[in-house]
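Per-entry structural report
If you want the building blocks of each chain, they are given just below.
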Amino acid sequence: MSEAAAPMIDIRDLNVTFTGGRKPVRAVNGVTFSVPRGEVLALLGESGSGKSVTLRSILNMHPKKRTVSSGSITAGGLDVMALSGRALADYRGKLTSMIFQEPLLAFDPVYTVGAQIVESIRRHEPVSKAEAYARALGLLQKVKIPSAERRLAAYPHEMSGGMRQRAMIALALACNPQILLADEPTTALDATVQIQILLLLRELQRELGLTVILVTHDIGVAVEVADRVAVMYAGRIVETGPVREIIRNPRHPYTQGLLASRAHGAMTGARLDAIPGAPPDLSSLPPGCAFRPRCKFAVTDCETIQPDETAVSPGHWMRCLRSAA
């Protein structure tokens, strides 16, 4: 594969186990995927499926003393799992940046938003404070924050939820990263603000040519923003493909369940077709297919066989012993 054709993000057989509790928690189990330059990939699944753990692994954020990781992560040609110290600090924010789920917790409450954006710029680039301040002002204007100059002097708690999320996006873009990671960026926002943030992210992604991985549990968010979807369950990717293909032709029973359990206007007064049961305990995963106890298509072999990845159509893959009708 030529350098030009190499993916911006390439993850191979990633396993992440947390060892700080009474039992090891196998949060990610053999995840493999790649993201070409300029593509938006959505990681979709219920809470506890391993989406955020995978995302944070790309920034090498898990505490070393309580985490056992294996496999490989390459981002922009760098071996992420081999980075440490200054090299890791240089990588975070410059090549790869992240929009966190709750900006009120991600921002430092004792510094203004402007001071934190300026600090990030000056950490990675040899510019004066005045130049960094001008860049910070331009970033707030780019993410469409009204009265941007006044907001630079505001503390995070003085801004609304939607405005904080826009400021978080500005901070993530401060050093012109090539890769943007977004962890549930619209969860705490009302519906009107959600769509504004999603449209802004898509606009910025296209304008800047960013490679994006978006974590979400909402298939509607994936449809608005993503080019491809990877559905995760119990720390594994169970189905992946182009977003429209996944919506029109979901093949894994879990993906079908996620789509069927989503409310829409045409079903007013009807009961949701919810997935029965609950996700498995990641500290004691069952043998075979982890979705088997909740799957209406389960057969005897599902109890012992871990399904391999099989092609459904070009670019569309799933892990299941049978094609769900």
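Use the structure listed above.
Each chain carries its own residue numbering, running from 1 in the written order of its sequence. Only residues with pLDDT of at least 70 get local features here, since the model is predicted, and only at 80 or more are side-chain atom pairs given and counted; chain-wide, interface and lining totals rely on the full set of residues. No hydrogens and no water enter the side-chain calculation; it runs on all heavy atoms of the structure.

A few points about a nonpolar patch on the surface
Here is the rule: Patch membership is restricted to residues that have no salt bridge and whose relative accessible area is over 30%. Joining uses 9 Å for like charges and 5 Å for the nonpolar side chains Val, Leu, Ile, Met, Phe, Trp and Tyr. A 1.4 Å probe and the Shrake-Rupley method give the accessible areas. Residues count as covered only by the protein chains that appear here. Should a side-chain nitrogen of Lys or Arg be within 4 Å of a carboxyl oxygen of Asp or Glu, the pair is scored as a salt bridge. Each helix is a run of H or I in the DSSP string that is no shorter than four residues. Each strand is a run of E no shorter than two, and both are numbered from the N terminus.
Taken together, the side chains of V299, I305 and L321 make up a nonpolar region of the molecular surface, amounting to roughly 210 Å² of accessible area. Along the polypeptide, V299 turns up in the loop between helix 11 (253–260) and strand 11 (309–313).

Digging into the sheet that holds strand 8 (residues 211–216)
Applied cut-off: DSSP bridges decide pairing: two strands pair if at least two such bridges lie between them. Every axis corresponds to a line fitted to the C-alpha atoms, with the helix fit spanning only the stretch in contact, and the corresponding angles, defined between N-to-C directions, vary from 0 to 180 degrees.
Taken in spatial order, the 8 strands of this open sheet run 6-7-8-3-9-10-12-11, and their pairing is mixed. Edge positions in the sheet fall to strand 6 (96–99) and strand 11, since each has one partner strand and no second. The mean angle between the axes of side-by-side strands here comes to 20°, regardless of whether they run parallel or antiparallel. Relative to strand 12 (residues 316–319), strand 10 (residues 236–242) runs antiparallel, the two sharing 2 bridges. By the bridge assignment for strand 12, T240 is matched with W317.

Comments concerning the state of the cysteines
As a reminder of what qualifies: Disulfide: a pair of cysteine sulfur atoms within 2.5 Å of each other.
Inspection of the entire model under this criterion finds 0 disulfides. For C289, which is in no disulfide, the shortest distance to another cysteine sulfur is to C302 and amounts to 5.9 Å.

What about the packing of helix 4 (residues 113–124) against helix 5 (residues 129–142)?
As a reminder of what qualifies: Any angle between 65 and 115 degrees counts as roughly perpendicular, while under 35 counts as roughly parallel, over 145 as roughly antiparallel, and the rest as oblique. The crossing is said to be left-handed when, going from far helix to near helix, the turn is anticlockwise and less than a right angle, and right-handed when the turn is clockwise. By definition, residues are in contact when any of their heavy atoms lie within 4.5 Å. Each residue is assigned to one class: nonpolar for Ala, Val, Leu, Ile, Met, Phe, Trp, Tyr, Cys and Pro, charged for Asp, Glu, Lys and Arg, and polar for all the others, Gly among them.
Put simply, helix 4 and helix 5 touch, their axes get as near as 9 Å, and they point 120° apart. Put simply, helix 4 runs oblique to helix 5. Where helix 4 crosses over helix 5, the handedness of that crossing is right-handed. Residues I117, V118, I121 and R122 of helix 4 form the contact with helix 5, whose own contacting residues are K129, A132, Y133, R135, A136, L139 and L140. Among the residues making up the contact of helix 4 with helix 5, the classes are represented as 8 nonpolar, no polar and 3 charged.

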